[in-house]
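This is what each chain is made of:
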Amino acid sequence: MDFFSRVWQEESVRSVILPFAGIGGHAGDFDSWGEVLAGEGIAVAGRDLPGFGVRLEEPLSDPRGAVAEVDAAIGEARSRWPGRPVVTAGDSLGSLIVLAHAAQGESRADGHILASPAIRTPGKISPQGVALIWLRMILGSRKPYDFTGQIEALTGDPEEREDLLGDPLRRRTLPPKWLFRVRMLQRGALETASTVMVPTLILWGENDRVASFPAARALLSVIPAPLRRLEVIGGELHMLTRGIRRHETAGLIARWVTEEIVRQAGPVERARREGRPVRPVRRPEQPPPDPSS
């Protein structure tokens, strides 16, 4: 089996994106983005985590251990596409994994994409659900917890909803202990974000009711201003990879990669080789869009 679970690429590759899915998801969630980005010369190579997607039969690993999976993916990408800048991307929970890797990983990506970062998720697991997880933890119960929630809150596209409901590779229940460790990732997300030292694109659905926008907006206060950019996608819900404007969102990503990653790769790589500090280009500060307007 190939190292990567899914790969989208055409002949000419000028950059690589390594996406990590949200809770229960897999690399196939990035299918629409992969098709658009590959056409723009940006390869997309997704690796499922143990226990998810094409690796569904493998034992679940601690979600905090996903940092090693990101390190391995970056190493494989740099070997397979030498000289091409590598961007790590995460959808929802995947964004927390990307941030954890930025703080703890042995390798460094050239950029990050955080789609619907799940720093707080009141619309996914209710306070009653959190209490139930804690109770099962205290009692030592291994009974899986169904975290799927309302499919209507993920995407406004009816066909994508049907696909999500019938997807045999999607995991719908997880042990309480695993979900508790996800909560630990959430609690540490802003601290890990403070270590980000490369260009970072934050994407948010205007009508996302699964995750908390104020919590995600707090990223703007910890990631240095010259490095981060927030884009609010009008009319979208939580799952931007399967949203009604998913192809437009992929086009936005392609433009950002071209402007912030590919065009900067030459000077950045030269500075690294010569042992000089990498100084980001400063741009005028832009106020974040108000999703309520």
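Residues numbered from 1 in each chain as written. Predicted model: local features only at pLDDT ≥ 70, side-chain atom pairs only at ≥ 80, totals over all residues. Heavy atoms only, no water.

### Let's talk about the environment of valine 262
Residue placement: valine 262 occurs in helix 10 (residues 246-273). By relative accessible area, valine 262 is classed as partly exposed at 23%. (Helix = DSSP H or I, 4+ residues; strand = E, 2+ residues; numbered from the N terminus. Buried < 20%, exposed > 50% of the residue type's maximum accessible area, 1.4 Å probe, protein only.)

### What to know about the pairing of strand 3 (residues 42-46)
With 5 of 5 residues buried, strand 3 lies mostly within the body of the structure. Of the two faces of strand 3, both are covered, the one formed by Ile42, Val44 and Gly46 as well as the one formed by Ala43 and Ala45. The pairing of strand 1 (residues 6-8) with strand 3 spans 3 bridges and is classified as antiparallel. Note that in strand 3 the partner of valine 7 across the bridge is alanine 45. With 3 bridges connecting them, strand 2 (residues 15-20) and strand 3 associate as parallel partners. Residue pairing across strands places valine 16 opposite alanine 43, the latter belonging to strand 3. Since strand 2 and strand 3 lie parallel, the crossover through helix 1 (residues 31-39) that links them has a hand, and here it is right-handed. (Pairing = 2+ DSSP bridges. Right-handed = clockwise from strand over helix to strand, strands pointing away.)

### A closer look at unusual backbone geometry
One non-glycine residue with positive phi stands out, namely serine 92, at about 60°. Relative to the helices and strands, serine 92 resides in the loop between strand 4 (86-91) and helix 3 (93-104). Here serine 116, not a glycine, exhibits a phi torsion of approximately 50°, which is positive. The topology assignment puts serine 116 in the loop between strand 5 (111-115) and helix 4 (127-139).

### Some details on empty space enclosed by the protein
Evaluated as defined, the whole model comprises 5 cavities of 30 Å³ or more. As a volume, the largest cavity reaches approximately 120 Å³. Every residue lining the largest cavity is counted, 17 residues in all, and those nearest its centre are Ala21, Gly22, Gly25, Leu49 and Phe52. Residue assignment for the lining of the largest cavity shows that the elements contributing at least two residues are strand 2 and helix 3. In terms of residue class, the lining of the largest cavity is made up of 11 nonpolar, 4 polar and 2 charged. Each pocket or cavity is described by its volume, and for the second largest cavity that value is around 40 Å³. (1 Å grid on protein atoms, 1.4 Å probe; cavity = no way out; pocket = protein on both sides within 12 Å on 5 of 7 lines; lining within 4 Å. Points joined across faces, edges and corners; volume = space filled by probe spheres on them. Nonpolar A, V, L, I, M, F, W, Y, C, P; charged D, E, K, R; others polar.)

### Regarding the sheet that holds strand 9 (residues 228-233)
Spatially, 7 strands are ordered 1-3-2-4-5-8-9 in an open sheet, and the strand pairing comes out mixed. The sheet is open, and its two borders are formed by strand 1 and strand 9, each paired with just one other strand. Across this sheet, the average inter-strand angle for adjacent strands is 15°, counted without regard to direction. Helix 1 contacts strand 1, strand 2, strand 3, strand 5 and strand 8 (200-205) of the sheet and is inclined by roughly 30° relative to strand 1. Contacts between helix 3 and the sheet are confined to strand 2, strand 4 and strand 5, with strand 4 contributing the most and set at about 140° to the helix. (Axes fitted to C-alpha atoms, helices over the stretch in contact; angles between N-to-C directions. Contact = heavy atoms within 4.5 Å.)

By themselves, these are just geometric observations and shouldn't be taken as functional.
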